[in-house]
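Fold and contact review
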Amino acid sequence: MNKRMREIQAEIAQLTKSAEEYMTEGESRDLTKAEETLNKIDELQKEYELEARMLEKAKASVPTENIEKDAKVDGFKLIAKFINKKSLTDKEKTALVTGDNATAGETYLVPEDVDAAIRELRKTYISAKNYVTVETTDALAGTITYESGTPAGLTDFDDGDAITEETGVSFALKKFAIAWKGKLIPISRILLGAEKAGLMGYLDRWFVKNAIISENAEIFSTLKAGYNSGTPKAVAGWKALKKSITKDLDPSCLLDGIIITNQSGFATLDEEEDSDGRPVLQPNPANPTQKIFQGLPIVVFSDAQLANIDATHFPVIYGSLKAGATFVEHKNIEFAVSEHYLFNKNQNCLRVIEGFDVMSTDTSAYIYGSFTATPAATA
């Protein structure tokens, strides 16, 4: 991409923003100016395409004898070529088409470096996957074996006596079945050079965020359904929460224990005070931006992702969620592209798909509660 192409991209971005403002309902709405702005964008797109063609011609005239044949394939540039239906080298085809589910011309697997970047981007959002166990698989269905029952300890015996045979060892098979979820991502055809920043912007905004929203919803739904047949435990105030953490959970569940709630639940808990008027929540020494209660860090999700039970009852999940649920993800993210679906918008359409399932495992390792503020008489 040359200097003029970058300048055109910047101009188009600014004009697009202006067009959107002209189209917004209100005093600033001006359809005439919006149309004029879009016409300017069309002219810039034509100029961009001419600049791109000139650049390709210039590159074609450069001798290729000294180019390193074994250079590592850049997955982002590879996706850009794929989106724009450009021919791929044999090495690029190998990097792009792998696995049993990849059919040439239809579905492709994301290159390794792009896959790694997508997973890294997930960390910028609050993902419930960080708080449960995650398993990766290339199977579409299967089972995972978990221990069940409670150990009773060893038994005493004298020399020559038979050692008591253990009868309590048992295992439970948890089944999973990968379900597929996807998103359509519009890609502007003017991004013929599609640099990393531009392409990752699309993946960030359209796929990663939407993937986490779906994953979180499935995780919270599984945690709720797995506890007490889906009936939350009533937790009235901070004293009831403190007692439940101490009494209802095995101490081992507190070693990696956390408290998850939503914005409304956190706001209510954050207003709770002890008999001396001191806040019951304390800053986390390891992370000053986070609060803790009874030594457990509190993770807050939006009300949109973890909905209120009703106007005064809020979800609170506490204990070992890593023991309570397992997220099984298919190891490959897949995509396909169409140059016809968004033809009227001068855009290609990238379809990105991932597969996962969430299993309920040790339902005694956590509590799914319905939290309310401390009653006034007992505050």
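Residues numbered from 1 in each chain as written. Predicted model: local features only at pLDDT ≥ 70, side-chain atom pairs only at ≥ 80, totals over all residues. Heavy atoms only, no water.

1. Topic: the environment of D250
Here is the rule we go by: Starting at the N terminus, helices and strands are each numbered in turn, a helix being any DSSP run of H or I of at least four residues and a strand any DSSP run of E of at least two. Exposure categories follow from relative accessible area, calculated using a 1.4 Å probe and restricted to protein chains: below 20% of the type maximum is buried, above 50% is exposed, and the middle band is partly exposed. Polar contact criterion, stated in full: a pair of N or O atoms within 3.5 Å, where within protein one must be able to donate a hydrogen and the other to accept it, and residues adjacent in sequence count only if both atoms are side-chain atoms.
Assignment of secondary structure puts D250 in the loop between α7 (238–247) and β7 (258–262). For D250, a relative accessible area of 45% corresponds to the partly exposed category. For the pair D250 and G319, spaced 69 residues apart in sequence, the C-alpha to C-alpha distance is 8.9 Å. A polar contact is formed between the side chain of D250 and the side chain of S252, at a distance of 2.7 Å.

2. Remarks on the pattern of salt bridges
To keep it simple, the criterion reads: The salt bridge definition used is simple: a Lys or Arg side-chain nitrogen within 4 Å of an Asp or Glu carboxyl oxygen.
Applying the stated criterion to the full structure yields 7 salt bridges. The partner of K233 in a salt bridge is D248, and the shortest N-O contact between them spans 3.4 Å. Of this pair, K233 sits in strand β6 (residues 233–236) while D248 sits in the loop between α7 and β7, and the two are 15 residues apart along the sequence. We classify K233 as partly exposed; its relative accessible area is 28%. By relative accessible area, which is 33% here, D248 ends up partly exposed. Two residues, D276 and R278, come together in a salt bridge whose shortest N-O distance is 3.3 Å. Classification of D276 as exposed rests on a relative accessible area of 57%. A cluster of three or more residues bridged by salt bridges with shared partners is formed by D274, D276 and R278.

3. A few points about the nonpolar core
Burial of nonpolar side chains together is a common tendency in soluble globular proteins. The cut-off we apply is this: The set of buried Ala, Val, Leu, Ile, Met, Phe, Trp, Tyr and Cys residues whose side-chain atoms join them within 4.5 Å is what this entry labels a nonpolar core. A contact between two residues is defined here by any heavy atoms of the two lying within 4.5 Å.
Within the largest apolar cluster, 35 residues are counted, with the highest numbers of intra-cluster contacts made by L223, I260, F293 and Y318. Within the residue set of this core, elements represented by two or more residues are α6 (196–226), α7, β7, β10 (296–301), β11 (314–319), β12 (325–330), β14 (347–360) and β15 (366–372). Filtering out sequence-adjacent residues up to four positions away, Y318 remains in contact with K233, V235, L241, S244, I245, L249, I258, I259, Y366 and I367. In terms of nonpolar packing, the next biggest core, distinct from the first, is built from 23 residues, F82, V110, I212 and L350 among them.

4. Some remarks on the environment of Q9
With respect to the helices and strands, the residue Q9 is situated in helix α1 (residues 3–23). Between the C-alpha atoms of Q9 and L44, which are 35 residues apart in sequence, the distance is 8.5 Å.

5. Describing the packing of aromatic side chains
Our working rule: For Phe, Tyr and Trp, rings pair up if their centres lie within 6.5 Å, where Trp contributes its six-membered ring, and each pair is then called stacked (planes under 30 degrees apart), edge-to-face (over 60) or tilted (otherwise).
Counted according to the given criterion, the structure contains 3 aromatic pairs. Pairing Y227 with Y366 gives two aromatic rings, centres 6.3 Å apart and planes at 45°, and the pair type is tilted. With Y227 in the loop between α6 and β6 and Y366 in strand β15, this pair connects stretches of sequence that are 139 residues apart. Given the relative accessible area of 0%, Y366 is considered buried. Measuring from ring centre to ring centre gives 4.9 Å for F327 and F356, while their planes differ by 20°; the resulting arrangement is stacked. Here the residue F327 occupies a position in strand β12, and F356 occupies one in strand β14, the gap between them amounting to 29 residues. In this structure, F327 and F356 share a single accessibility class: buried.

6. Examining the side chain of T37
In this structure, T37 sits in helix α2 (residues 31–60). Relative accessible area serves as the criterion here: at 7%, T37 is assigned to the buried category. Within polar-contact distance, the side chain of T37 engages the backbone oxygen of K33 at 2.7 Å. Setting aside residues up to four positions removed in sequence, T37 forms contacts with L15, S18, A19 and Y22.

7. Things to note about the pairing of β10
For clarity, the cut-off: At least two DSSP bridges between two strands are needed for those strands to be called paired.
In this structure, β7 lies alongside β10, joined through 4 bridges in parallel fashion. Bridged to T261 within β10 is V300. Relative to β10, strand β9 (residues 287–293) runs antiparallel, the two being bridged by 2 bridges. Looking across to β10, one finds that I292 is bridged to P297. The hairpin turn running from β9 into β10, its antiparallel successor, is 2 residues long, and Q294 in that turn takes a positive phi close to 55°.

8. A look at the confidence of the model for the chain
Which entries qualify depends on this criterion: Looking at any residue, its pLDDT shows the predictor's confidence there, from 0 to 100.
The share of residues in the chain with pLDDT of 70 or more is 84%, and the mean pLDDT across the chain is 82. Counting contacts from residues 65–69, a segment whose pLDDT is below 50, to residues more than four positions away or on other chains yields 1 contact. Contacts from residues 98–105, a stretch scored under 50 in pLDDT, to residues over four places away or in other chains number 9 contacts.

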